[in-house]
Amino acid sequence: MKDTLKHRGKRNRLAETVAEKGITDPKVLDAIRRVPRHLFMDSSFEDHAYQDKAFPIAAGQTISQPFTVAFQTELLQVSPGDKILEIGTGSGYQTAVLLEMKARVYSIERQLELFKRTNLFLPKLGYRPKKLIFGDGYKGLKEEAPFEGIIVTAGAPEVPKALLAQLKVGGRLVIPVGDITQVMTMFTRKSAKEFEKKEFGEFRFVPLLEDKN
């Protein structure tokens, strides 16, 4: 598992690409510069690791496009120490970006193969989420709620009510909503009962599946 100067140079260029596409949060761009994305992918894709593209990983899933990861992370407005729930650990790349931003990360993955792999892999790189859980992300993680931020990394046909319920007042849920294409949507909890909704255009994600375990 090598991370060389050449890789770091490619990451710097990737951060520039993501910035050109509209990402302005310096903490997000720093995290993109620091996470060795090539190590999260099959070695046959290593040459493509720092292109701004999604790529296949195990269990029929993908590692998200860096711009999408940066976009969702920027919407969360992460501060150090924030408690963040991630639905869909996947390769662990998004998890690592959040950890680079000093968030306390709880992450749920429903694909057993991916869960086992990422659970072993992240600590080898020095990334230590508070909890990695094998389970149904639709239900959230009630025993650790409330959260300052919840990020969903797969397309959801509708917004799981459990996730809204687990946000702190002032907290944000960032979720791609829709069937074939998804609209990036952010809900901010304004009070116990009131949520503000904002939409940020179309993205394409693998589906978030419910009760598959």
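This text follows the structure it describes.
Calculation criteria
Residues numbered from 1 in each chain as written. Predicted model: local features only at pLDDT ≥ 70, side-chain atom pairs only at ≥ 80, totals over all residues. Heavy atoms only, no water. Helix = DSSP H or I, 4+ residues; strand = E, 2+ residues; numbered from the N terminus. Buried < 20%, exposed > 50% of the residue type's maximum accessible area, 1.4 Å probe, protein only. Polar contact = N/O pair within 3.5 Å; in protein donor to acceptor, adjacent residues only side chain to side chain. Contact = heavy atoms within 4.5 Å. Pairing = 2+ DSSP bridges. Axes fitted to C-alpha atoms, helices over the stretch in contact; angles between N-to-C directions.

Focus: the side chain of His-38
Logical step 1: Structurally, the position occupied by His-38 is in the loop between helix H2 (26-34) and strand E1 (55-56).
Logical step 2: Judged by its relative accessible area of 4%, His-38 is buried.
Logical step 3: At 2.7 Å, the side chain of His-38 forms a polar contact with the backbone oxygen of Lys-2.
Logical step 4: Of note is the side chain of His-38, whose polar atom sits 2.6 Å from the side chain of Tyr-50.
Logical step 5: In this view, His-38 contacts Lys-2, Asp-3, His-7, Arg-11, Glu-46, Ala-49 and Tyr-50; residues no more than four positions away in its chain are not counted.

Topic: the pairing of strand E9 (residues 195-203)
Logical step 1: Pairing of strand E8 (residues 182-189) with E9, which is carried by seven bridges, proceeds in the antiparallel orientation. Bridge pairing in E9 places Thr-185 opposite Glu-199.
Logical step 2: Where E8 hands over to E9, the hairpin turn is made up of five residues, counted between the paired strands.

Regarding the sheet that holds E9
Logical step 1: The strand order across the open sheet built from seven strands is E5-E4-E3-E6-E7-E8-E9, with neighbouring strands paired in mixed fashion. In the strand order of this sheet, the two ends are held by strand E5 (131-134) and E9, each with one partner. Put simply, the sheet's adjacent strands are angled 15 degrees from each other on average, direction ignored.
Logical step 2: Against the sheet, helix H3 (residues 66-76) engages strand E3 (83-87), strand E6 (147-152), strand E7 (167-177), E8 and E9, with an angle of about 155 degrees to E7.
Logical step 3: Here helix H4 (residues 93-100) sits on the sheet in contact with E3, strand E4 (104-109) and E6, set at roughly 170 degrees to E4.

Points about the environment of Thr-89
Logical step 1: Relative to the helices and strands, Thr-89 resides in the loop between E3 and H4.
Logical step 2: Spatially, the C-alpha atom of Thr-89 lies 9.5 Å from that of Asn-119, the residues being 30 residues apart in sequence.
Logical step 3: Residues within four places of Thr-89 in sequence aside, it is in contact with Thr-95, Ser-107, Ile-108, Glu-109, Thr-118 and Leu-132.
Logical step 4: A distance of 2.7 Å separates polar atoms of two side chains, one belonging to Thr-89 and the other to Ser-107.

Geometric values such as these leave the question of function open.
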